[in-house]
Amino acid sequence: MTQKSPSLFDWKIVGPAIVDSFRKLDPRLMIKNPVMFITMVGAALTTLGIFTGAASERGFILQLAIWLWFTVLFANFAEAVAEGRGKAQAESLRKARKDTIARRLRNGREERVPAPELEKGDLVVCEAGDVIPADGDVMEGIASVDEAAITGESAPVIRESGGDRSAVTGGTRVLSDRIVIRITIEKGGGFLDRMIALVEGAQRQKTPNEIALTILLAALTFIFLLVCVTLKPFGIYSATAFSVPVLIALLVCLIPTTIGGLLSAIGIAGMDRVLQRNVIAMSGRAVEAAGDVDVLLLDKTGTITLGNRMATAFLPAPSIKIEQLADAAQLASLADETPEGRSIVVLAKDQFNLRAREVAPTHANFVPFTAQTRMSGVDFPALNGQPARSIRKGAAEAIKNYVQQAGGKFPQTVSQGVEDISRSGGTPLVVADGGEVLGVVHLKDVVKGGIKERFAHLRKMGIRTVMITGDNALTAAAIAAEAGVDDFMAQATPEQKLQRIREEQATGHLVAMTGDGTNDAPALAQADVGVAMNTGTQAAREAGNMVDLDSNPTKLIDIVEIGKQMLITRGSLTTFSIANDVAKYFAIVPAMLMATFPAIAPLNIMHLHSPTSAILSAVIFNALIIIALIPLALRGVKYTPIGALATLQRNLLIYGLGGVIIPFVGIKIIDILITSLKLI
Amino acid sequence: MHSYDWFQLGLYVALLALITKPMGLFLGRVLDANGRTWFDPVLKPLERITYRVMGVKPNVEQDWKQYTLAMLMFSLVSCVFTYAILRLQHWLPLNPQHFGPTTPDLAFNTSTSFTTNTNWQSYTGESTMSYLSQMVALVIHNFGSAATGIALAAALVRGIARHSAATLGNFWVDLVRITYYLLLPICLVFALALVSQGMIQNFKPYTTAKLLEPFTTQVQKTDDKGQPVTTNVAVTVQAPKLDANGQPVLANGAPVMLDVPKLDEKGQPVMTNMPVMIDQKIDTQTIPQGPMASQVAIKMLGTNGGGYTNANAAHPFENPTPLSNFLQILSIFAIGSGLTYYLGRMTKNQAHGWSVWSAMMILFLAGALVCWWAEAAGNPIHHQLGVAAAGGNMEGKEVRFGIFNSALFATITTDASCGAVNSMHDSFTALGGFVPLFNIQLGEIIIGGVGAGLYGMLVFVVLAVFIAGLMVGRTPEYLGKKIESYDVKMAMLALLVLAVSILGFAAWASVSKWGLDALNNSGPHGLSEILYAYSSANGNNGSAFAGLSANTPWLNTTIGLAMLIGRFLMIVPIMAMAGSLGRKKVSQASAGTFPVSGGTFVVLLLGTILLVGALNFLPALTLGPIVEHFQNHQGTLY
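Rules used in this analysis
Residues numbered from 1 in each chain as written. Chains lettered and ligands numbered in written order. Predicted model: local features only at pLDDT ≥ 70, side-chain atom pairs only at ≥ 80, totals over all residues. Heavy atoms only, no water. Helix = DSSP H or I, 4+ residues; strand = E, 2+ residues; numbered from the N terminus. Rg over C-alpha atoms; globule rule 2.2 N^0.38 Å. Buried < 20%, exposed > 50% of the residue type's maximum accessible area, 1.4 Å probe, protein only. Contact = heavy atoms within 4.5 Å. Lys, Arg positive; Asp, Glu negative; His and termini not counted. Charge placed at Lys NZ, Arg CZ, Asp CG, Glu CD. Pairing = 2+ DSSP bridges. Expected span 1.5 Å × (residues − 1). Buried area = accessible area lost by both parts, 1.4 Å probe. Salt bridge = Lys/Arg side-chain N within 4 Å of Asp/Glu carboxyl O. Polar contact = N/O pair within 3.5 Å; in protein donor to acceptor, adjacent residues only side chain to side chain. Nonpolar A, V, L, I, M, F, W, Y, C, P; charged D, E, K, R; others polar. Axes fitted to C-alpha atoms, helices over the stretch in contact; angles between N-to-C directions. Parallel < 35°, antiparallel > 145°, perpendicular 65-115°, else oblique. Left-handed = near helix turned anticlockwise from the far one by under 90°. Domains from an automatic or database assignment. Bend = angle between axes of the 7 residues up to and from the residue. pLDDT = per-residue confidence, 0-100.

S.K.: Before we move on, could you go through the overall build of chain A and cite the residues and values that matter?
M.R.: Summing up its helical and strand segments, chain A has 22 helices and 22 strands in all. Relative to the compact-globule value of 26 Å for 680 residues, chain A shows a C-alpha radius of gyration of 34 Å, a clear excess of over 25%. Along the first, second and third principal axes, the C-alpha set of chain A runs to 120 × 60 × 45 Å. Within chain A, the fraction of its 680 residues that count as buried is 57%. Considering only residue pairs separated by 6 or more positions, chain A has 69% of its internal contacts joining residues 24 or more positions apart.

Structure below.
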């Protein structure tokens, strides 16, 4: 379940964001974004120009200064809104543990302390009704825990000491029993705290691609700064005195303010989208890397298949009626609480309308499964003229021994059926009544609905899926074919998983995997993107660089899409921003020269009203486009897996060609507006 | 724009396409230290001896720092060597005209000019340089700087093609092999072909010929000691003509101007010394001789462009026939074009090589057509006055070549950082002159200087791949190499150097006395001349817009610095990028990787070049050729 994304302009977020936009004008913060820093310096210089400039130009310079400040504020606002949304998301999660009082164990005694004061290694007690104060491992006891606060899943989950289900998350509630938990996080170092830090500007680390892009933008800014500075002497040569505010207007329009202003908002919004899907990422780098992944290692169980084998068919022995087999199989499974057993009862009911019966314990003796006998079943004593029955179901070998001991024979057709089922990747379960073999039940791993389509989707994204399973090669191949994965690893050990990841990486692939057990930790750490399940062990969660609170392995696909979206949004807005320069050039440069060289008029291809209106229109467009693109930056450019070339063509057309054309239209409209409003 | 001109343009592109593959294949052999060529029996022993004398271990490769350092050392030593010869030429042999030593600033300018493959010439070759200076001091650079450019391009291509490699080849091996196996053999054949067209190749002293039609010109009068004789005259200024009422007299709305004596504060006329001019009858002409064909072959093939004579390829000896003209422009592009094939072959993606080539060809054709069209359309003022020549603008062009071949030559020589000229770019129409200037400012990447064109273009390829790669949702990859912040930084640094140096120097010159004094034209045209000079120097082109008297200490020095910056400050970041790319692992291509070939890629690359590379210069260009173009149409000339 995903939490609902708050509407784009929720007043609760917009209000503080407006305040933050001003607070972010602090030069120490601004310097981190070279493009906007230069813009701010330009705005400040233009403001000075109001006082030093000619009286006739003051109105114009004042308006320029206002719009330049707006450009900076709009960019700050974009970042503040993105942060606000992220914080709101995290805050709702944090609320859960805000007022929690922990029952800390010190020298065998309980003391009550506020949750935020807990330190790593502390032991705390939680009983039914208590909220777990912080992330930790269950040391003692077993309890059912309601994790709905974090995962949105209403069904309680079992958490117990030892094994793979020992990890608990702060903010969840114990529903029954008593557990002792050892806190595993540093003060303030919980996943939530980390996530909150990630969406807050101050501690946000730039991702590698963001750094590269920042360099590109800073270099472009420097080049355009030089272009505008050298225009002054070129102007002196040409007997044209370019005023400082006009040169600043040209500079701000040419430097990539659109992407420069929205860059950090895009990154924050990406993290926010990850959080909305109930995934906690340890760094923005991890989310970005997810977009690059081209090999996905997926555990079969729980990801590709439903996780349990299910009975799918009854294959009776010769001369046995299928109903008879179903009836016997159902009887033998009545007391069998395993998912396989239950699925047999259900199949018999579905196919032959055989109702599950209450069989009084006095009338029947259930034989549980043991590792020695490798079969289970039920014995009925002779009663009411019915002969005694002893029904068994189990592995072919075990049943064969059983019927042969009872003096029966194992029919050839049944052997054939057993073999066929094995070859198709299923598990045969032979059912016998005394010395008579009744037939075979076909147990099968059931592939999740829709998973094949998801893999096809991944393939279009350029991602290869590898299924990992402990099954033998035969079974694995059958399931791999049914699920449509590209490759599989049968009888995989943790060492082999690690080895496989290293091999893929050595041949230039980026690997993502999901895991939950302690033995997955090395592989999770080695993988470029390791998504640990929230139900997994603490070791696994520490090793991965993301934790999925829903423990849904297919979530990885969503994360990959978010990672790609982040990059696409940055690339598209960069293209758009640079392409915009063409129109701004045609708006401003002729306007700057009109006074000295009236012959330049034909270059004013937009037929803008006057030089001042042309310059102002370009600056206003430049500021407004930032506001206009905030929704896109926060939502991200839509990603559809249509192949890289098609994606490129589509985005080049929209953001490249669009980026050339849109400002021509926009600047013209603004020019008409400000002229008719007599602003200039 | 005649049909046979179109035919020649088509033939040119077709022939270029045809030689690209064999040239690329041959480059592959030359640039492989163990590659075999037809010349092995003769040249292999020579190659071995060279290594022994130089103390080079041909099988030891260098990392990017060693490679770059070797290149810088070679350039420095050869530059100092040339400087020394130019300064000492009067004491050295092969100086039949007894030319004196060149001035320090000219020697600096010239030696850096030839070291950087620019071949900007502030001097008149036939009246300044001895045969030794021409043949040794300058020609070694024609080979050395060309081979250096090709070697650097090869090192970058190796960086792109190799997988987790620390080294990029051996500079000395590349230098020797390119010179011996590529440049020398082709030049030998090419020079013979040029001689067959009537180009001279001798060591005779200059010939003095009697003129059939003697003429008279004005020269400065000198006294017995050879000092110019001057006289004191009144300075005049222009003032509006006033009528009896003291109102300006208007003609067609503009005030009529008169020359009036300039007066100082006391009302006294201001006087100045002016040289005294006397008539001189010219009845003889000195015709330069010399080893021209061998010089011209390497000047074209190595995109050096430094002319033997001041008139360069417009001189009848340096470019005698239409065929020699065609061969020369073909040879300018030959190696650069072949290098794109080499890129494709080395990276095992031939389509990529051809895509880069196509992008270059599109820019070339666009420039050539605009320039040709502008020149064929002629001067708008002539049209307004009804005196337009039928063929278009023939000013500054050889009648032998006409408009098309002059425009084509101008486009090619500026596309390729060659800088040889067969017409005066200064006399082109505003738009026609805009094309060569724009070509240079793009960074000499349209085929470009040998090697330099490819590595300059690859900077744009890396940037295009970076921006587009983001747009498809992956960390950008260029042929499997991830483009990361370090690579972007180096690529942008290379672009930055270009912009800083061109705009910085030009802005400085345009407001300083030394810059303005050198100008022969005022207004936008003068600005074009300044922009052109520094663009040409930075782009290591070497052609001149003329109209700028560049042989002054200030200009020689600043232009010399611009050439050094444009060459070496650009190369270092590019080589750092080559080293970084070489060390990277190759990622596997998947459906998520966009192809670096095909139409979309070409469009993307062109867009990047125009938006990231060209936009920087547009505001300055607007004040130069663009405004001049519009002014011309309004009837103003400069």
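S.K.: Any details on the overall build of chain B? Residues and values, ideally.
M.R.: In terms of regular secondary structure, chain B is built from 20 helices and 10 strands. For chain B, the C-alpha radius of gyration of 26 Å lies close to 26 Å, the compact-globule estimate for 638 residues. Considered along the principal axes of its C-alpha atoms, chain B spans approximately 90 × 60 × 50 Å. Residue pairs in contact within chain B that sit at least 24 positions apart in sequence constitute 79% of those at least 6 positions apart. Charge separation in chain B, taken as the distance between the mean sites of 34 positive and 31 negative side-chain charges, equals 15 Å.

S.K.: I'd love a proper account of the sheet that holds strand E6 (residues 157–160) of chain A, names of residues and values included.
M.R.: Spatially, E6-E5-E8 (chain A) is the arrangement adopted by the three strands of the open sheet, whose pairing is antiparallel. Every other strand in the sheet has two partners, leaving E6 and strand E8 (173–174) of chain A as the edge strands with one partner each.

S.K.: Give me the lowdown on helix H13 (residues 430–441) of chain B, citing residues and values where you can.
M.R.: Residue and element names in this part refer to chain B. Relative to the 16 Å expected for 12 residues at 1.5 Å per residue, H13 spans 16 Å between its end C-alpha atoms, a close match to the ideal helical length. Taking burial as the measure, the 12 residues of H13 include 11 buried ones, the bulk of the element. Within the span of H13, buried status applies to Ala 430, Gly 432, Gly 433, Phe 434, Val 435, Pro 436, Leu 437, Phe 438, Asn 439, Ile 440 and Gln 441. Buried positions along H13 lie against helix H10 (350–377), helix H12 (402–415), helix H15 (485–511), helix H17 (523–538), helix H19 (599–614) and helix H20 (618–633). Positive phi appears at Gly 443, one or two residues downstream of H13, with a value of about 110°.

S.K.: Can you break down the interface of chain A and chain B residue by residue, with the values?
M.R.: How big an interface is tends to be expressed through the accessible area that disappears when the partners come together. With 62 residues of chain A in contact, the opposing surface of chain B contributes 63 residues. Regarding the contact of chain A and chain B, the summed buried area is about 5,200 Å², with carbon and sulfur atoms giving 77% of it. Scanning the region where chain A abuts chain B turns up zero salt bridges. Applying the counting criterion to the chain A and chain B interface returns 11 residue pairs in polar contact (both at pLDDT 80 or more). Among the elements of the structure, helix H7 (208–237), helix H10 (284–292), helix H15 (451–460), helix H20 (555–593) and helix H22 (644–676) of chain A are those that each provide at least two residues to the side of chain A that touches chain B. In terms of residue count, the dominant contributor to the side of chain A that touches chain B is H7 of chain A (20 residues). Of the residues assigned to the side of chain A that touches chain B, the class counts are 39 nonpolar, 17 polar and six charged.

S.K.: Give a description of the side chain of Ser 543 of chain B that names residues and reports values.
M.R.: Residue and element names in this part refer to chain B. Residue placement: Ser 543 occurs in the loop between H17 and helix H18 (553–583). On the basis of relative accessible area, Ser 543 is assigned to the buried category, the value being 1%. Once residues lying within four places of it in the same chain are set aside, the contact partners of Ser 543 are Trp 120, Thr 414, Gly 419, Val 421, His 425, Ile 440, Tyr 532 and Ser 536.

S.K.: Break down the packing of helix H9 (residues 322–346) of chain B against H12 of chain B for me, with residues and values.
M.R.: Residues and elements named next belong to chain B. Two elements in contact, H9 and H12, have axes separated by 9 Å at closest approach and are oriented at 20°. Compared by their axis directions, H9 and H12 come out roughly parallel. Judged by the sense of rotation from one axis to the other, the crossing of H9 with H12 is left-handed. Residues Asn 325, Ile 329, Ile 332 and Phe 333 of H9 form the contact with H12, whose own contacting residues are Asn 405, Leu 408, Phe 409, Ile 412, Thr 413 and Asp 415. Looking at the contact of H9 with H12 residue by residue, the class counts come to six nonpolar, three polar and one charged.

S.K.: I'd like to hear about the domain arrangement of chain B, residue by residue, with values.
M.R.: On domain assignment, one finds that chain B holds domain 1 (20–205 + 291–345), domain 2 (207–287) and domain 3 (390–634). A straight line from the C-alpha centre of domain 2 of chain B to that of domain 3 of chain B covers 40 Å.

S.K.: Account for the pairing of strand E9 (residues 178–183) of chain A, with residues named and values stated.
M.R.: Residue and element names in this part refer to chain A. Relative to E9, strand E3 (residues 123–127) is paired through five bridges, and the arrangement is antiparallel. Within the sheet, the bridge partner assigned to Cys 126 lies in E9 and is Ile 179. Direction of pairing for strand E4 (residues 136–140) relative to E9: antiparallel, over a ladder of four bridges. Note that in E9 the partner of Glu 140 across the bridge is Val 180.

S.K.: Just give me the short version of the sheet that holds E3 of chain A, but keep the residues and values in it.
M.R.: Strand order in this open sheet of six strands is E2-E1-E3-E9-E4-E7 (chain A), and the pairing throughout is antiparallel. The sheet is open, and its two borders are formed by strand E2 (109–114) and strand E7 (167–168) of chain A, each paired with just one other strand.

S.K.: How would you sum up the side chain of Asn 209 of chain A? Please name residues and give values.
M.R.: Of note, Asn 209 of chain A is situated in helix H7. Ignoring sequence-local partners within four residues, the contact set of Asn 209 of chain A consists of Glu 288, Leu 567 and Arg 570 of chain A together with Phe 466, Leu 470, Thr 475 and Pro 476 of chain B.

S.K.: Give a detailed account of H9 of chain B, specifying residues and quantitative values.
M.R.: Residues and elements named next belong to chain B. Its 25 residues give H9 an end-to-end C-alpha distance of 36 Å, which sits within 8% of 36 Å, the value for a rise of 1.5 Å per residue. Ala 334 marks where H9 bends most, by close to 35°. Buried residues dominate H9, accounting for 20 of its 25 residues. Positive phi shows up at Lys 348, right after H9, with a value of about 55°.

S.K.: Describe the pattern of salt bridges, and please don't skip the residues or the numbers.
M.R.: Throughout the structure, instances matching the rule amount to 35 salt bridges over all chains. In this structure, Arg 177 of chain B engages Glu 47 of chain B in a salt bridge whose closest nitrogen and oxygen atoms are separated by 3.3 Å. Of this pair, Arg 177 of chain B sits in helix H7 (residues 171–196) while Glu 47 of chain B is found in helix H2 (residues 40–54), placing the two residues 130 residues apart along the sequence. For Glu 47 of chain B, a relative accessible area of 2% gives the class buried. Linking Lys 482 of chain B and Glu 477 of chain B is a salt bridge whose minimum nitrogen-to-oxygen distance equals 3.0 Å. Neither Lys 482 of chain B nor Glu 477 of chain B differs from the other in exposure class; each is buried. In the salt-bridge network here, residues are joined through shared partners; they are Arg 103, Glu 110, Glu 127, Asp 130 and Arg 178 of chain A.

S.K.: Describe the confidence of the model for chain B, with residues and values.
M.R.: Residues and elements named next belong to chain B. The predicted model of chain B has a mean per-residue pLDDT of 90, with 99% of residues at 70 or higher. Here strand E5 (residues 254–255) stands out as the element of chain B with the lowest mean pLDDT, 72, in contrast to H10, whose mean of 96 is the highest. Taken over the whole predicted complex, pTM reads 0.83, whereas the ipTM for its chain interfaces reads 0.88.

S.K.: Outline unusual backbone geometry, supporting the account with residue identities and numerical values.
M.R.: All names here are of chain B. Phi at Ser 417 takes a positive value of approximately 50°, unusual for a residue other than glycine. Structurally, the position occupied by Ser 417 is in the loop between H12 and H13. What makes Ser 417 buried here is its relative accessible area of 3%. If you check the backbone angles, Leu 479 has positive phi at about 50° while not being a glycine. Among the structural elements, Leu 479 can be located in the loop between strand E9 (477–478) and strand E10 (481–482).

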